[in-house]
Amino acid sequence: MSSPQDPFYIVKEEIQDSIDKLQSTFHQWETVPANTEERVHLTKELQTGCESIEWQVDELDKAIAVAARDPSWYGIDEVELEKRRRWTSTARTQVGVMKKAVEAGKARSANGMRQELMRVPNDPYQAGKSSSYAPQDNDDFISSESDRQMLLIKQQDDELDELSASVQRIGGVGLTIHEELTGQEKIIHELGLDMESTTNRLDFVQKKVEMVMKKAGAKGQILMIIFLVVLFIILFVLVFFT
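Note that the structure is a prediction, hence the values are computed from the model and not measured.

Draft legend 1. Highlighting the overall build of the chain. Helices and strands together make up the secondary structure of the chain, namely five helices and zero strands. For the chain, the N- to C-terminal ordering of α and β elements is α-α-α-α-α.

Printed below as a string of structure tokens:
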């Protein structure tokens, strides 16, 4: 079952598409300045995407482990199993590199914002001036923070919808695998019954032949052999020369 219709390759293609999109978002994230709303949005999107792909790769690893218990049952061999393990390892490494880079960038941004907030103005006049505009600045900050929270909530809803769709696709693939395994089990069971029935018939015929041979004696056995040889010759001539 190593054809393109193999459920493993269907899921693999979906995960690879997700990784490609995530890498494109990661390259965009690298070019966006720190401490901006777009940067925060992309950081959240990358973190959610990495977690989703890591979960999907883990589930694929579990499926490979199940197939490794009896590869012949699933129509694959050790070479194919090793090839699948290498792919999941590579996918996990790609996602891990992006996840670490995003976490490091998020930590640097948090430190920068903390240092900015801890700054104290040295000029009393500037301090007084800043205080006079504090209410207006606070209103602007609250409004901006509210907008940012709404944006984050909307983004989380979109990400949950996408994650739900991915889970449904994987669930559908799992059902397909289950149905295929059930069908194969039924075919094998029917084949076993047919083989058992054929074996019983052969045993019955063999016993009948032995009884006939015993009753016929040596002379009768020779005549029967001669008859069968003549019959074979006649059938051979009829098949190949007519």
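Draft legend 2. Focus on the packing of helix α1 (residues 7–31) against helix α2 (residues 37–69). Where α1 contacts α2, the axes come no closer than 10 Å and their chain directions differ by 160°. Here α2 runs roughly antiparallel to α1, going by the angle between their axes. For the pair α1 and α2, the crossing hand works out as left-handed. Of the residues that constitute the contact of α1 with α2, the class distribution is 14 nonpolar, six polar and three charged.

Draft legend 3. Looking closely at the side chain of Thr88. Tracing the backbone shows Thr88 in helix α3 (residues 78–117). For Thr88, a relative accessible area of 2% translates into the label buried. Leaving out residues up to four positions away in the same chain, Thr88 has contacts with Val57, Leu60, Asp61 and Ile64.

Draft legend 4. A look at the packing of aromatic side chains. Under the defined criterion, the tally for this structure stands at four aromatic pairs. Here a set of aromatic residues connected by ring pairs shows up, and it is made of Phe232, Phe236 and Phe240. Positioned above the aromatic ring of Trp29 is the side chain of Arg39, whose terminal nitrogen or guanidinium carbon lies 4.0 Å from the ring centre.

Draft legend 5. Examining α1 more closely. Here α1 spans 37 Å end to end across 25 residues, near enough to the 36 Å set by a 1.5 Å rise per residue. All of the buried residues along α1 are Pro7, Phe8, Tyr9, Val11, Ile15, Ile19, Leu22, Thr25, Phe26 and Trp29.

Draft legend 6. Layout of the pattern of salt bridges. For the coordinates displayed, the defined rule picks out seven salt bridges. A salt bridge links Asp58 to Arg92, with the shortest nitrogen-to-oxygen separation between them at 2.9 Å. Within this pair, whereas Asp58 is found in helix α2, its partner Arg92 is found in helix α3, the two being separated by 34 residues in sequence. For Arg84, the salt bridge is made with Glu80, and the minimal N-O distance between the two is 2.9 Å. With Arg84 and Glu80 both in helix α3, this residue pair falls four residues apart, about one helical turn.

Draft legend 7. Layout of the nonpolar core. Among the nonpolar cores identified, the biggest contains 25 residues, and Ile15 and Ile53 are the most heavily contacted of them. At the level of elements, α1, α2 and α3 are the ones that each hand at least two residues to this core. Dropping the residues within four chain positions of it, Ile53 is found in contact with Ile15, Ser18, Ile19, Leu22 and Val95.

Draft legend 8. Just the side chain of Glu159, in detail. Mapped onto the elements, Glu159 comes out in helix α5 (residues 134–240). An unpaired buried charge is present at Glu159: no salt bridge exists, and Lys44, the closest side chain of opposite charge, is 5.7 Å distant. Side chain to side chain, Glu159 and Thr48 meet in a polar contact 3.0 Å long. Once residues lying within four places of it in the same chain are set aside, the contact partners of Glu159 are Lys44, Glu45 and Thr48.

Draft legend 9. Expanded view of the confidence of the model for the chain. Across the chain, the average pLDDT comes to 78, with 80% of residues at or above 70. In the predicted structure, residues 120–134 sits below a pLDDT of 50 and forms one contact with residues beyond four places in sequence or in another chain.

Calculation notes
- Residues numbered from 1 in each chain as written.
- Predicted model: local features only at pLDDT ≥ 70, side-chain atom pairs only at ≥ 80, totals over all residues.
- Heavy atoms only, no water.
- Helix = DSSP H or I, 4+ residues; strand = E, 2+ residues; numbered from the N terminus.
- Axes fitted to C-alpha atoms, helices over the stretch in contact; angles between N-to-C directions.
- Parallel < 35°, antiparallel > 145°, perpendicular 65-115°, else oblique.
- Left-handed = near helix turned anticlockwise from the far one by under 90°.
- Nonpolar A, V, L, I, M, F, W, Y, C, P; charged D, E, K, R; others polar.
- Buried < 20%, exposed > 50% of the residue type's maximum accessible area, 1.4 Å probe, protein only.
- Contact = heavy atoms within 4.5 Å.
- Phe/Tyr/Trp six-rings, centres within 6.5 Å; stacked < 30°, edge-to-face > 60°.
- Lys NZ or Arg CZ within 6 Å of the ring centre and 35° of its normal.
- Expected span 1.5 Å × (residues − 1).
- Salt bridge = Lys/Arg side-chain N within 4 Å of Asp/Glu carboxyl O.
- Core = buried A, V, L, I, M, F, W, Y, C linked by side-chain atoms within 4.5 Å.
- Lys, Arg positive; Asp, Glu negative; His and termini not counted.
- Polar contact = N/O pair within 3.5 Å; in protein donor to acceptor, adjacent residues only side chain to side chain.
- pLDDT = per-residue confidence, 0-100.

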